[in-house]
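Examination of the molecular architecture
One letter stands for each residue in the lines below.
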Amino acid sequence: MPSERRAAVARAGAILEIDLHAVVANWRRLKREVARTVRMAAVIKADAYGLGVAQVAPALARAGCDLFFVASLDEGLALRKVLPKASIAILDGLLAGGDGDFVRARLVPVLNELGQVMRWGKTHPYRPAILHIDTGMERLGLSRAEVDRLTAHPTLLARIRLAAIMSHLACADEPGHPKNPEQLARFRASLAQLPHAPASLASSSAIFLGRDYHFKIVRPGAALFGINPLPGKPNPMRATVALRAKILQVRDVDAGATVGYGATHRMERPSRIATVAVGYADGWLRSASDRGSAAIAGQRVPVVGRISMDLLTLDVTAITANRAKPGAYVDLLDDAYGIDDAAEAAGTIGYEMLTLLGRRYARIYRGAR
Ligand SMILES: *Cc1c(COP(=O)(O)O)cnc(C)c1O
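Residues numbered from 1 in each chain as written. Predicted model: local features only at pLDDT ≥ 70, side-chain atom pairs only at ≥ 80, totals over all residues. Heavy atoms only, no water.

Moving on: the layout of surface pockets. Of the voids in this model, the largest pocket is the one considered here, and its volume is about 1100 Å³. Secondary-structure elements contributing two or more residues to the lining of the largest pocket are α3 (45–49), α11 (204–207), α12 (339–345) and α13 (350–355). Take the lining of the largest pocket: its biggest share by element is five residues, from α12. Across the lining of the largest pocket, the residue classes break down as 25 nonpolar, 14 polar and eleven charged. No fewer than three residues from each of domain 1 (33–225) and domain 2 (241–366) sit in the lining of the largest pocket. (1 Å grid on protein atoms, 1.4 Å probe; cavity = no way out; pocket = protein on both sides within 12 Å on 5 of 7 lines; lining within 4 Å. Points joined across faces, edges and corners; volume = space filled by probe spheres on them. Helix = DSSP H or I, 4+ residues; strand = E, 2+ residues; numbered from the N terminus. Nonpolar A, V, L, I, M, F, W, Y, C, P; charged D, E, K, R; others polar. Domains from an automatic or database assignment.)

Per the stated rule, a full pass over the model turns up four aromatic pairs. Taking 6.1 Å as the distance between ring centres and 75 degrees as the angle between the ring planes, the aromatic pair formed by Phe102 and Trp120 counts as edge-to-face. One end of the pair, Phe102, is in helix α6 (residues 99–104); the other, Trp120, is in helix α7 (residues 114–123), with 18 residues separating them in the sequence. Summarising the burial analysis for this pair, Phe102 and Trp120 share the class buried. Relative to Phe215, the ring of Phe187 has its centre 5.1 Å away and its plane inclined at 80 degrees; by these criteria the two rings are edge-to-face. Taken together, the positions of Phe187 in helix α10 (residues 179–193) and Phe215 in the loop between α11 and β10 (217–218) put the pair 28 residues apart, joining distant regions of the chain. Feature note: the residues Tyr49, Phe225 and Tyr351 constitute an aromatic cluster, connected by ring pairs. In this structure, Arg244 is placed above the aromatic ring of Tyr329, and the distance from its NZ or CZ to the ring centre is 5.1 Å. (Phe/Tyr/Trp six-rings, centres within 6.5 Å; stacked < 30°, edge-to-face > 60°. Buried < 20%, exposed > 50% of the residue type's maximum accessible area, 1.4 Å probe, protein only. Lys NZ or Arg CZ within 6 Å of the ring centre and 35° of its normal.)

Counting residues in hydrophobic clusters, the biggest one holds 117 residues, and the most contacted among them are Ile44, Leu60, Leu131, Phe225 and Trp284. Of the domains in this structure, domain 1 (33–225) and domain 2 (241–366) are the two that each give at least three residues to this core. Those residues in contact with Leu131 that sit more than four places away from it in its chain are Leu111, Val117, Leu142, Leu150, Leu162, Ala164, Ile165, Met166 and Leu194. (Core = buried A, V, L, I, M, F, W, Y, C linked by side-chain atoms within 4.5 Å. Contact = heavy atoms within 4.5 Å.)

Another point: the site of the ligand. Taken together, 14 residues sit near the ligand, with Lys45, Tyr49, Ser204, Gly221 and Tyr351 positioned nearest. Between the ligand and the protein, one listed contact pairs an oxygen atom with a side-chain N or O atom of Tyr49 at 2.5 Å. Gly221 places a main-chain nitrogen or oxygen 2.8 Å from an oxygen atom of the ligand. For the ligand, the protein covers 90% of the area, taking 390 Å² as the surface of the free molecule. The pocket occupied by the ligand, as judged from atoms lying within 2 Å of grid points, is the largest pocket. Counted by class, the shell around the ligand contains seven nonpolar, four polar and three charged residues. (Near = heavy atom within 4 Å. Polar contact = N/O pair within 3.5 Å; in protein donor to acceptor, adjacent residues only side chain to side chain. Areas by Shrake-Rupley, 256 points an atom, 1.4 Å probe, with all protein chains shown as cover. Sits in = over half its atoms within 2 Å of the grid points.)

By themselves these figures say nothing about function.
As structure tokens, then:
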């Protein structure tokens with residue numbers, strides 16, 4: 001590491017380590033779950049779920065991934081600069097005024113409604129696009145009536161090169177949910193009506209619903225980044241982030257003292273409080289106030305009091321003074337306590353926690369070439 005960078009890391013209040021080897025290992029792990037003939041794309045919207053698309057995308061491309069999904073046109077344009085050759089699909093679809101950018105940057109729009117299908121066929125004939133069929137999410141994608149109109153007017157699709165036909169499941173993380181087979185059946189029915197094209201239904205969790213759900217292209221996002229695609233079961237994915245933060249101050253407090261804003265946490269006995277340089281402005285959600293924990297030299301200590309903008313407070317009474325001291329690091333995320341655990345303490349899901357990861361952290365990428 002260059003000395004300037006090393007100095008920046010040393011003075012940072014918190015360090016986020018991102019393991020690109022683990023991201024690639026997760027991509028390969030998912031690939032083993034599907035048949036050889038299935039194409040494994042990667043969904044890297046929202047800056048690769050917060051991990052940094054400029055680092056994550058090349059690592060995945062080197063591992064063999066050649067199809068990427070992002071949400072917005074801007075994300076696509078940024079990704080094109082990073083990956084000159086890969087196929088890049090834009091989930092948000094065609095928005096007014098964006099057509100020229102799609103063509104210039106060779107981005108593939110996901111056509112989410114009939115109007116977009118008509119426009120793309122008319123203004124950019126024979127250029128690739130992905131057709132998105134809604135099968136029960138009621139968010140984006142052609143409705144059943146729109147699919148019927150498409151099949152009644154085959155000329156509407158005649159001038160579009162269908163790179164894929166996709167749909168998205170609402171309840172893939174609940175394997176027993178009746179909505180999964182319902183959506184699968186609706187997707188199959190729509191596919192049977194439409195011209196042949198590679199089909200794509202599965203995000204991370206859906207890959208684990210079995211081969212019926214894989215079709216020709218799978219599009220995982222979260223699991224690549226270590227989020228458990230099987231909530232309630234052991235996580236088959238590797239953790240990709242570690243977060244450690246500095247203790248800024250340690251203080252002895254009397255029994256009856258209250259810690260932090262709102263005086264929500266009263267100490268029952270004389271205690272020691274460590275104040276750590278991570279707060280909700282760093283993505284450590286305020287809803288995790290008085291909940292969850294951190295580790296100091298492997299020993300877990302509870303969060304006490306409210307999370308504030310830049311700080312959180314830990315009860316370190318049980319930790320020896322030479323370990324819990326200013327300048328020492330606490331582990332907020334590690335292999336033992338991961339993004340899903342921290343998210344649960346905050347009353348949310350790993351997806352939200354990960355995509356909110358702060359911009360103030362000194363970021364270290366492991367496994368970067
Ligand atoms: C975000 C997204 C995915 C990836 O989902 P994960 O649960 O993160 O694997 C796949 N398809 C669509 C349409 C998405 O919006």
